[in-house]
Each structure stands twice: as structure tokens, then as C-alpha cells.
Amino acid sequence: MKTLKQTRNEFSRFLRDKRKEAGLSQVEVAKKLGYSSSQFVSNWERGVAAPPLRTLRRIASLYGLSDRNIFDRIRDMAFVELEENLKFQFFGKKLKH
């Protein structure tokens, strides 16, 4: 099973790759989403932060993705996070996979 960090990194790369495939710059995406700076998009693509859930459907539309495609990725990431949290709470420490 993948770690949360691995899953988040994959999601960040996914967002970057899909933006590039859509032929959009970070500045263009930021403007289309109503952000004042492309730093928000950069942070998402570097895994520093995640886009707000309400923004992900708009990102999917901008990048030509189905809502289901992006939803499945978010669900998978949430599952990994839940599993890590449960293990920590149950066992009292992080376990190696």
C-alpha cells in the first residue's frame, strides 16, 4: 500500500501533467480560477498544499477531465489518509508498510 506522502505526490504530479496537457500555464489557471497569484497553483503541483474541494471540479473542467476521474483520485487519497490515521490511533505509532 502506498503512503499518504506518495499518494499526495502522485496527485500533485497528476495536476501538473494535466495542466500541461491542457496547454495552460500556472498563471492562466490561477486567473481562470480567480486567484491573485499563480503561487497557489504552484503549491498544489509541488504538494505543498491541496486545492480546495470546491475548486477541484473547476480544475477538472479547465483540464478537460471528467468529474469522476478527479473524484476517484481524491477518494483514493482520502482512503490512504484515513488508514494512516486509524493505524496511528489504534497502534499509537506510525507503522511501516
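(A) Main features of the packing of helix α1 (residues 4–21) against helix α3 (residues 39–46). Contact pair α1 / α3: the axes reach a minimum separation of 6 Å and the direction vectors enclose 125°. Classed by the angle they form, the pair α1 and α3 counts as oblique. Residues Ser12, Leu15, Arg16 and Arg19 of α1 lie in contact with α3, whose contacting residues are Val41, Trp44, Glu45 and Arg46. Its residues assigned to classes, the contact of α1 with α3 comprises 3 nonpolar, 1 polar and 4 charged.

(B) Representation of helix α4 (residues 53–63). Of the positions making up α4, those classed as buried are Thr55, Leu56, Ile59, Ala60 and Tyr63. Projected down its long axis, α4 carries its buried residues within an arc of 150°, all on one side. Away from the buried face of α4 by more than 90 degrees, exposed residues Arg54, Arg57 and Ser61 are located. Structurally, α4 contributes buried residues whose contacts are with α1, α2 (26–33), α3 and α5 (67–91). Looking one or two places after α4, you find Gly64, whose phi comes out positive at around 75°.

(C) Fine view of the environment of Lys87. Position of Lys87 relative to the elements: it lies in helix α5. The class of Lys87 is partly exposed, set by a relative accessible area of 22%. Between the alpha carbons of Lys87 and Phe11 there is a distance of 22 Å; along the sequence they are 76 residues apart.

(D) Structural context of α2. For α2, the set of buried residues is Val29, Ala30 and Leu33. Seen along its axis, α2 keeps its buried residues to an arc of 100°; they face one direction. One or two positions beyond α2, positive phi appears at Gly34, with a value near 85°.

(E) Highlighting the confidence of the model for the chain. In this model, the chain carries a mean pLDDT of 92, and residues with pLDDT of at least 70 account for 95%. Put simply, α5 is where the chain has its lowest mean pLDDT, 92, and α2 is where it has its highest, 97.

(F) Summary view of the pattern of salt bridges. Overall, the coordinates contain 9 salt bridges when judged by the stated rule. Notably, a salt bridge pairs Lys18 with Glu21, separated by 3.2 Å at the nearest N-O pair. One end of the pair is Lys18 and the other is Glu21, both in helix α1 and 3 residues apart, which spans about a single turn. Under the relative-accessibility criterion, Glu21 is labelled exposed at 59%. Residue Asp72 is joined to Arg68 by a salt bridge in which the shortest nitrogen-to-oxygen separation is 2.9 Å. Residue Asp72 and its partner Arg68 are both found in helix α5; the two are separated by 4 residues, about one turn of the helix.

Each value, and the rule that gives it
Residues numbered from 1 in each chain as written. Predicted model: local features only at pLDDT ≥ 70, side-chain atom pairs only at ≥ 80, totals over all residues. Heavy atoms only, no water. Axes fitted to C-alpha atoms, helices over the stretch in contact; angles between N-to-C directions. Helix = DSSP H or I, 4+ residues; strand = E, 2+ residues; numbered from the N terminus. Parallel < 35°, antiparallel > 145°, perpendicular 65-115°, else oblique. Contact = heavy atoms within 4.5 Å. Nonpolar A, V, L, I, M, F, W, Y, C, P; charged D, E, K, R; others polar. Buried < 20%, exposed > 50% of the residue type's maximum accessible area, 1.4 Å probe, protein only. Arc of directions from axis to C-beta. pLDDT = per-residue confidence, 0-100. Salt bridge = Lys/Arg side-chain N within 4 Å of Asp/Glu carboxyl O.

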